[in-house]
Amino acid sequence: MEYFKKAFDLILHDNAELFQIIGTTMTMSFFSTAVSSLLGIVLGICLGRTGIKGKGIIMRILNTLMSLPPVVAGLVVFMLFRSVGPFGSFHLMFSVKIMIIAQILLITPVICCLTASATEEKSKLISETARGLGLPWHKEMTLLFKECAGQLVSIVLMGFGRSIAEVGAVSMVGGNIQFKTRVMTTAIMLETNRGDFEKALALGIILLCISLLVNSVAYGIKEKMK
Amino acid sequence: MKKLLAVLLVMILAFSFAACGGKQTDEGTTVPEKGTIRLATTTSVNDSGLLSYLLPTFEKKTGYKVEVASAGTGIAIGYAKSGDADLLLVHSKKQEEAFINDGFASTERLSFMYNFFVIAGPSDDPAGIAATATAADAFKKIAEAKAPFASRGDNSGTHNKETGIWESAGIDPSKESWYNSLGSGMGDTLTKANELKAYVLTDKATFLSMKDSLTNLMIIKAEADDMKNTYSLLGVNPGAAEFAGKDIKINTEGAQALIDWLLSDEAAALIKEYGVTEYGEQLFYLIEK
């Protein structure tokens, strides 16, 4: 209970920096989830529908990438984008953009894999129905989206969850710079290292509350769509 | 789906506005803005709170903005070697010398301040190290008593210091059952040492800032000559061989301005005062020029 009080104190008083951290966290998680969802869902549906030969191998590779450790994703992006690296001329190190790039690398395989397995069965059924009725391609897709909407929302939320809770990749490429690339998780890590466990825990509670809020909104929409 | 995105977008905008509001209150300086200086440093420097205490004065005075990236000695030096930092503030002599030998430094090793490592341990001091003269002697006693010892084990500046002390004591503890190599940051290591009732080599600032939660530990041994922890500044050389032909932007001018200020009397006075009100003692000492 004491920690909840501390969390409230943080929100009410010491809040200029906190809001900045929450803002950066939300911006980062929103864009990384949005781009990953777009890529992952399109790829996932294609994978679910297709019957090409290499499908098994592709699925296995994607499944392996689902367990890609965040810090490895961060390391790969760091090696590519550091100033002496191949993409160094973009000068993206220690920016929110590069944190988003690292997270896209991390989240897209998860969304792609889950979408593929969620839509595979229905995809076949709908495809048969559509062929029978002579429906055009885009109508078939709309039908598929309507059928799988609930599952897709859950998948996107999972991606969002991985993004907002992730610390390894964002601290590696973001550098945890105050007022610039510090997000909730790296702030929690910093306060833990500083030994201010109460503040760290309070930040953790705030993070969970934000996540609860986002999930509630999404579930509200999901219910309405039914 | 559209609605969900719309709601999320509104939330983000709201937070972004809140963030902007926060920033505006920080401004109000009359000095024109001059660009940013990227300082790479180790977590222990940042965790002690010294930089967030010192840097606002520098920023207000010069108009530069300092971005502090802190991520462990190895990564901090890695950032500098990648051309992603303008200067370094670290405390690991061996790694600093390697950095200079590889041609990455634009300055010599500017050692400007030090603090002391301390050995913390269970209050009853089971290995009886309180009366020893040096850290090496204390480590020998710990090894003789086979008392539990907690090590950072993360190749940080503090860990390198600890390894050096074991070497000068002529002991290789790495395979002993009483030696716990934890692979964690300073704060984490102290928390675990507290649970293990183990001896631990720590910087004083971090120990003092966590004193309340470390109920089983106290400082047993402090301020021996071989426990000095020297902090140095190193500018990054834009002409380093590794950077040739790459689009590298090093803010040499800004880095020099920050170095000059940190070596100035004004900074010296601030460093001397740091920690006195909060912990009742000076935490960082200046190296006399």
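Residues numbered from 1 in each chain as written. Chains lettered and ligands numbered in written order. Predicted model: local features only at pLDDT ≥ 70, side-chain atom pairs only at ≥ 80, totals over all residues.

Observations concerning the overall build of chain B
Alright, step 1. What chain B contains, in helices and strands, is twelve helices and ten strands.
Alright, step 2. Looking at chain B as a whole, 43% of its 289 residues are labelled buried.
Alright, step 3. For chain B, contacts bridging at least 24 residues in sequence account for 75% of all contacts bridging at least 6. (Helix = DSSP H or I, 4+ residues; strand = E, 2+ residues; numbered from the N terminus. Buried ≥ 20, exposed ≤ 12 C-beta atoms within 10 Å, placed from the backbone. Contact = placed C-beta atoms within 7 Å.)

Side note on the overall build of chain A
Alright, step 1. Looking only at helices and strands, one finds nine helices and zero strands in chain A.
Alright, step 2. Element order for chain A, N to C, with α for helix and β for strand: α-α-α-α-α-α-α-α-α.
Alright, step 3. Along the three orthogonal principal directions, the C-alpha set of chain A runs to about 65 × 45 × 25 Å.
Alright, step 4. In chain A, 75% of the contacts between residues at least 6 apart in sequence involve partners at least 24 apart.

A closer look at the nonpolar core
Alright, step 1. Counting residues in hydrophobic clusters, the biggest one holds 132 residues, and the most contacted among them are A:Ala102, A:Val173, B:Leu87 and B:Leu88.
Alright, step 2. Sort the elements by how many residues they give to this core and helix 5 (residues 96-133) of chain A lands first, with 18 residues.
Alright, step 3. Both domains that furnish three or more residues to this core are identified here as domain 1 (33-114 + 229-286) and domain 2 (116-228) of chain B.
Alright, step 4. Excluding residues within four positions of it along the chain, A:Ala102 makes contact with A:Ala73, A:Gly74, A:Val77, A:Ala169, A:Val170 and A:Val173. (Core = buried A, V, L, I, M, F, W, Y, C linked by C-beta atoms within 7 Å. Domains from an automatic or database assignment.)

Re the environment of B:Asp154
All names here are of chain B.
Alright, step 1. Among the secondary structure elements, Asp154 is positioned in the loop between strand 5 (149-151) and helix 7 (157-169).
Alright, step 2. With 82 residues separating them in the primary sequence, Asp154 and Gly72 have C-alpha atoms 8.8 Å apart.
Alright, step 3. Sequence-distant contacts of Asp154, that is, excluding residues within four places in its chain, are made with Gly72, His159, Gly183 and Ser184.

Comments concerning helix 7 of chain B
Two residues of an α-helix separated by three or four positions point the same way, owing to the 3.6 residues in each turn.
Residue and element names in this part refer to chain B.
Alright, step 1. With 13 residues, helix 7 ought to run about 18 Å at 1.5 Å a step, and its terminal C-alpha atoms sit 19 Å apart, in line with that.
Alright, step 2. Taken together, the buried positions of helix 7 are Gly157, Thr158, His159, Lys161, Glu162, Ile165, Trp166 and Ala169.
Alright, step 3. In the segment just after helix 7, Gly170 is the residue with positive phi, at about 70°. (Expected span 1.5 Å × (residues − 1).)

With respect to helix 6 (residues 135-145) of chain B
Alright, step 1. For helix 6 of chain B, the full list of buried residues reads B:Ala135, B:Ala138, B:Phe139, B:Lys140, B:Lys141, B:Ile142 and B:Ala143.
Alright, step 2. Positive backbone phi, at 50°, marks B:Lys146, one or two positions downstream of helix 6 of chain B.

What about the domain arrangement of chain B?
All names here are of chain B.
Alright, step 1. Taken domain by domain, chain B comprises domain 1 (33-114 + 229-286) and domain 2 (116-228).
Alright, step 2. Measuring from the centre of the C-alpha atoms in domain 1 to the corresponding centre in domain 2 gives 27 Å.
Alright, step 3. Contacts between the two partners involve 18 residues from domain 1, matched on the other side by 18 residues from domain 2.
Alright, step 4. When residues of the side of domain 1 that touches domain 2 are traced back to their parent elements, those giving at least two are helix 2 (43-47), helix 4 (73-81) and strand 9 (228-235).
Alright, step 5. Among the elements that make up the side of domain 1 that touches domain 2, the one with the highest residue count is helix 2 (three residues).
Alright, step 6. Grouping the amino acids of the side of domain 1 that touches domain 2 by side-chain chemistry returns four nonpolar, twelve polar and two charged. (Nonpolar A, V, L, I, M, F, W, Y, C, P; charged D, E, K, R; others polar.)

Quick look at unusual backbone geometry
For residues besides glycine, phi is generally negative; the peptide bonds are generally trans as well.
Alright, step 1. Within the chain, A:Phe94 stands out as a residue other than glycine whose phi angle is a positive 55°.
Alright, step 2. Position of A:Phe94 among the secondary structure elements: in the loop between helix 4 (70-81) and helix 5.
Alright, step 3. Judged by the 23 C-beta atoms lying within 10 Å of it, A:Phe94 is buried.
Alright, step 4. Even without being a glycine, B:Asp125 presents a positive backbone phi close to 45°.
Alright, step 5. With respect to the helices, strands and loops of the structure, B:Asp125 is situated in the loop between strand 4 (110-122) and helix 6.
Alright, step 6. Judged by C-beta crowding, with 18 C-beta atoms within 10 Å, B:Asp125 ranks as partly exposed.

Topic: the packing of helix 8 (residues 184-194) of chain A against helix 9 (residues 197-225) of chain A
Helix-helix packing: each pair is described by the crossing angle between the helix axes and the interaxial distance.
All names here are of chain A.
Alright, step 1. Between helix 8 and helix 9, whose axes approach to 8 Å, the crossing angle comes to 165°. Between helix 8 and helix 9, the crossing angle belongs to the class labelled roughly antiparallel. In the crossing of helix 8 with helix 9, the sense of the turn from one axis to the other is left-handed. Side by side, helix 8 and helix 9 meet where Met184, Ala187, Ile188, Glu191 and Thr192 of the first sit next to Phe197, Lys199, Ala200, Leu203, Gly204 and Leu207 of the second.
Alright, step 2. Taken together, the residues that form the contact of helix 8 with helix 9 break down as seven nonpolar, two polar and two charged. (Axes fitted to C-alpha atoms, helices over the stretch in contact; angles between N-to-C directions. Parallel < 35°, antiparallel > 145°, perpendicular 65-115°, else oblique. Left-handed = near helix turned anticlockwise from the far one by under 90°.)

Structural notes on the pairing of strand 3 (residues 87-90) of chain B
All names here are of chain B.
Alright, step 1. The alternating pattern of strand 3 places Leu87 and Leu89 and Leu88 and Val90 on opposite faces, both of which are buried.
Alright, step 2. Pairing of strand 1 (residues 36-41) with strand 3, which is carried by three bridges, proceeds in the parallel orientation. Bridging across to strand 3, Ala40 finds its partner in Leu88.
Alright, step 3. Pairing geometry for strand 3 and strand 9, over four bridges, is antiparallel. Each bridged residue has a counterpart across the sheet, and for Val90 the counterpart in strand 9 is Ser232. (Pairing = 2+ DSSP bridges.)

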